[in-house]
Structures are given as C-alpha cells and as structure tokens.
Amino acid sequence: MRRVVRETHLEPSNFILPLFICPGEGVRKPIASMPPQCQWSIDAAVEECREVKRLGIGGIILFGLPESKDEEASGAYADGGIVQRAIRSIKRELPDLLVITDVCNCEYTTHGHCGKIVGGEVDGVVDGVVDNDATLEWLALGALSHARAGADIVAPSDMMDGRVGAIRHKLDENGFGNTPILSYSAKFASVFYGPFREAADSAPQFGDRRSYQMDPANGREAMREIELDLEEGADMIMVKPAMPYLDLIRQARDRFDVPLSAYQVSGEYSMIMAAAQNGWLDEERAMVESLTSIRRAGADFILTYFAKPMARLLG
C-alpha cells in the first residue's frame, strides 16, 4: 500500500555520479574521507563509466586533477587538459553516456582559488583578491574546450558574476549553440565541501571563497542569482549543497520552470558514511531517506556519490 500511494519516486536516471580524473594509468586511488570513492586515471574511469552505463545512472560529471598547476589555470582550458582527454576517451567507448563537465579553475591554480588573483605578497605571504571580470575569459575558454572534446553539458561552478553570459557567447560564436549550460546558480560558501577539497586537491592556499560563493544566510539572494543566470542563458540550474538548503530547492522549483538539480556534496556523503561505519546509522536507509528528501524538495536530478549503490538498490 505504501508503494502504491508513494508521492516521490527515485530512479537510477535521477542521479549523476561525480568522477575525479587524475594522471597516470591503471590508477584507482581511494579518497580517505569519502570511502569507497576514488580518483581515477582516464583508462580506469572509462571502465567505471561502463558500470555507470550498465546501472542506468543518468550520467557523470568530471572533475580534473592536472599534472601541474600555474597562476593562469591553463590546464582548465587546454585542449590537451586532463578533463578534455577524459571526455574524448569516454565518448569514444560510450558515446551515449551523458557527460557533464565542471567548469572551474580551483583545481588548476597554484593558489587554489576559482579565479584570477590580483594583488601580491604581503610580508612574504601570498595574498590578493579574485578579479571577477578577468576570470570570465578563462571560464569561457574552459567551457569551449570541453564542448570541443565532446561534453554534452558544461556546468560552471565558480560563482563569478556574468560567467553564464560569457560562456554562452563563447559557445555560440564557435558553433556550439546547442551545448546546454547547467549553472551552479546558488552555490554557498559551505563547510560541507571539506572532503571534496581532498578529492580534487583544490583547497585555497590563502583566505577562503566567501567573496564569491554565497552567504548561507541569504535565501532571497539565491533566487536573484538563479534569475540572473537564466537571463544570461542558463538552461539548467543547481542548488549546492542539497540537504542544508532544501528550502531553497523548493523555492527554486516553485519559481523557475527549468530543469533543477541539487548537489549532495562530499560532506553530506561523508557524514552518512562515517556514522554508518560507527554503527550510528543504517547506511542504506540514510542514503535512501536523504536522496528522497532532495527529490521531494523539487530536484529533477541529483549529483551524488551514492549514485551507484542507490542504482543497485533500485535494481
């Protein structure tokens, strides 16, 4: 009877699995804070994607760990960058698998920030501020390089003002007018990103990201950010993190008639896994309840590290 009258349903196609791509061959390096998640070399990632496809999961989103970093985030938009090579390899073997790419710079800069730093050193300590407008060209070039490599959707996560418009213009003028933009429109300066920074080797070397990510206290501002991104050409929107912001997922669902996603981030995942490993929670029930709550709030699809076990459970 419960199954018959259930209002919110989960399907494997509702989920997008994040994958961290690292240099090397045959690499499957465990991420200590996110068991059993791994960093994958490109060849190993292709095999992981075969399993994703077999399970009926909606798709993947790629994050890159480059061979080297610099002040200009050049690996983020190089045609031979690690994500660009991964896209080509995955699409060559699994052309029908949905491939989304994270468009950002934090994994590629020596300082770990999402944009170009202006400033310098103070008493031998590197310091400065992120130049919003100077960063837009990096982001536009990164999105274009992903589209050229075969990405189905590009997803800017940096939270620079105007980046959706810059990306849309760059894609359109280069013949990729049909490549959709999934914008991390309401991305908050959250404590729940901690394990991700280990996974992606992207912790800032000074300061924090509160000058460009959102204040967790500001819900009305989140709606303005989403509206601005849609005006600039975003095709899909995202709220990140998910469970601490279920109220904003619901507000976005009620206000905007576009595909809506939510990212169940690393900290949300790791808390459940740690509690389960200590016997404080039932892992399977916590996984199902958390994902159900995000869908119930209004998310059409969810970026989650639980994509594979949830898909197996749904069978």
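Residues numbered from 1 in each chain as written. Predicted model: local features only at pLDDT ≥ 70, side-chain atom pairs only at ≥ 80, totals over all residues. Heavy atoms only, no water.

*Asks:* How would you summarise the overall build of the protein if you had to cite specific residues and measurements?
*Replies:* Each helix and strand in the protein was counted, giving 12 helices and 14 strands. In terms of C-alpha radius of gyration, the protein reaches 19 Å, essentially the compact-globule figure of 20 Å for 315 residues. Along the first, second and third principal axes, the C-alpha set of the protein runs to 65 × 45 × 45 Å. Across the 315 residues of the protein, 54% fall into the buried class. Of the contacts formed within the protein by residues at least 6 apart in sequence, a portion of 74% connects residues at least 24 apart. When the accessible surface of the protein is summed, it comes to about 13,700 Å², and 49% of that surface belongs to carbon and sulfur atoms. For the protein, the distance from the average position of its 33 positive side-chain charges to the average position of its 47 negative side-chain charges is 7 Å. (Helix = DSSP H or I, 4+ residues; strand = E, 2+ residues; numbered from the N terminus. Rg over C-alpha atoms; globule rule 2.2 N^0.38 Å. Buried < 20%, exposed > 50% of the residue type's maximum accessible area, 1.4 Å probe, protein only. Contact = heavy atoms within 4.5 Å. Areas by Shrake-Rupley, 256 points an atom, 1.4 Å probe, with all protein chains shown as cover. Lys, Arg positive; Asp, Glu negative; His and termini not counted. Charge placed at Lys NZ, Arg CZ, Asp CG, Glu CD.)

*Asks:* I'd like a rundown of a nonpolar patch on the surface, residues and numbers included.
*Replies:* Residues Met1, Val4 and Val5 make up a contiguous nonpolar surface patch of roughly 410 Å² in combined accessible area. Among the secondary structure elements, Val4 is positioned in helix 1 (residues 2–5). (Patch = residues over 30% accessible without salt bridge, like charges linked within 9 Å, V, L, I, M, F, W, Y side chains within 5 Å. Salt bridge = Lys/Arg side-chain N within 4 Å of Asp/Glu carboxyl O.)

*Asks:* How would you explain the side chain of His146 if you had to name every residue and give the values?
*Replies:* Relative to the helices and strands, His146 resides in helix 5 (residues 132–149). Given the relative accessible area of 3%, His146 is considered buried. For His146, the side chain forms a polar contact with the side chain of Thr101, separated by 2.8 Å. Residues contacting His146, with those up to four places away along its chain left out, are Ala76, Val83, Gln84, Ile87, Thr101, Asp102, Val103, Ala151 and Val154. (Polar contact = N/O pair within 3.5 Å; in protein donor to acceptor, adjacent residues only side chain to side chain.)

*Asks:* Break down the pairing of strand 4 (residues 59–64) for me, with residues and values.
*Replies:* Of all 6 residues making up strand 4, 6 are buried, and the element is well covered by its neighbours. Because side chains alternate across strand 4, one face comprises the buried residues Gly59, Ile61 and Phe63, and the other comprises Ile60, Leu62 and Gly64, equally buried. Strand direction decides the pairing type here: strand 1 (residues 15–21) and strand 4, joined by 6 bridges, are parallel. Residue pairing in the sheet places Leu17 in a bridge with Ile60 of strand 4. Looking at chain direction, strand 4 and strand 5 (residues 99–103) are connected through 3 bridges and run parallel. The partner of Ile60 across the bridge, within strand 5, is Val99. (Pairing = 2+ DSSP bridges.)

*Asks:* How would you sum up the nonpolar core? Please name residues and give values.
*Replies:* Core analysis: the biggest nonpolar cluster contains 85 residues, and Ile60, Leu62, Ile249 and Tyr263 have the highest contact counts within it. With sequence-adjacent residues up to four places away left out, Tyr263 is seen in contact with Pro18, Phe63, Tyr184, Phe196, Met238, Val239, Lys240, Pro241, Ala242, Glu268, Leu303 and Tyr305. Counting 19 residues, the second-largest nonpolar core is a separate cluster that includes Val103, Ile167, Leu171 and Ala234. (Core = buried A, V, L, I, M, F, W, Y, C linked by side-chain atoms within 4.5 Å.)

*Asks:* Go over unusual backbone geometry with me, naming the residues and quoting the values.
*Replies:* At the junction of Pro35 and Pro36, the peptide bond is cis and its omega measures out at 0 degrees in the coordinates. Within the fold, Pro36 resides in the loop between strand 2 (28–30) and strand 3 (38–40). Omega for the peptide link from Lys240 to Pro241 comes to -5 degrees, which places this bond in the cis form. Position of Pro241 among the secondary structure elements: in the loop between strand 12 (236–240) and helix 9 (246–255). The phi dihedral of Ala73 falls on the positive side, at around 50 degrees, and the residue is not glycine. Note on Ala73: relative accessible area 0%, which makes it buried. We note that Met159 has phi near 70 degrees; this positive angle belongs to a residue other than glycine.

*Asks:* If you had to explain the packing of helix 2 (residues 42–54) against helix 4 (residues 82–93) to someone new, which residues and values would you point to?
*Replies:* For any two helices packed against each other, one specifies the crossing angle of their axes together with the interaxial distance. One can describe the packing of helix 2 onto helix 4 by two numbers: an axis separation of 9 Å at closest approach and a directional angle of 45 degrees. Relative to helix 4, the element helix 2 is oriented oblique. Crossing of helix 2 over helix 4 shows right-handed handedness. Facing Ile42, Val46, Cys49 and Arg50 of helix 2, the residues of helix 4 in contact are Ile82, Arg85, Ala86, Ser89, Ile90 and Glu93. Across the contact of helix 2 with helix 4, the residue classes tally to 6 nonpolar, 1 polar and 3 charged. (Axes fitted to C-alpha atoms, helices over the stretch in contact; angles between N-to-C directions. Parallel < 35°, antiparallel > 145°, perpendicular 65-115°, else oblique. Left-handed = near helix turned anticlockwise from the far one by under 90°. Nonpolar A, V, L, I, M, F, W, Y, C, P; charged D, E, K, R; others polar.)

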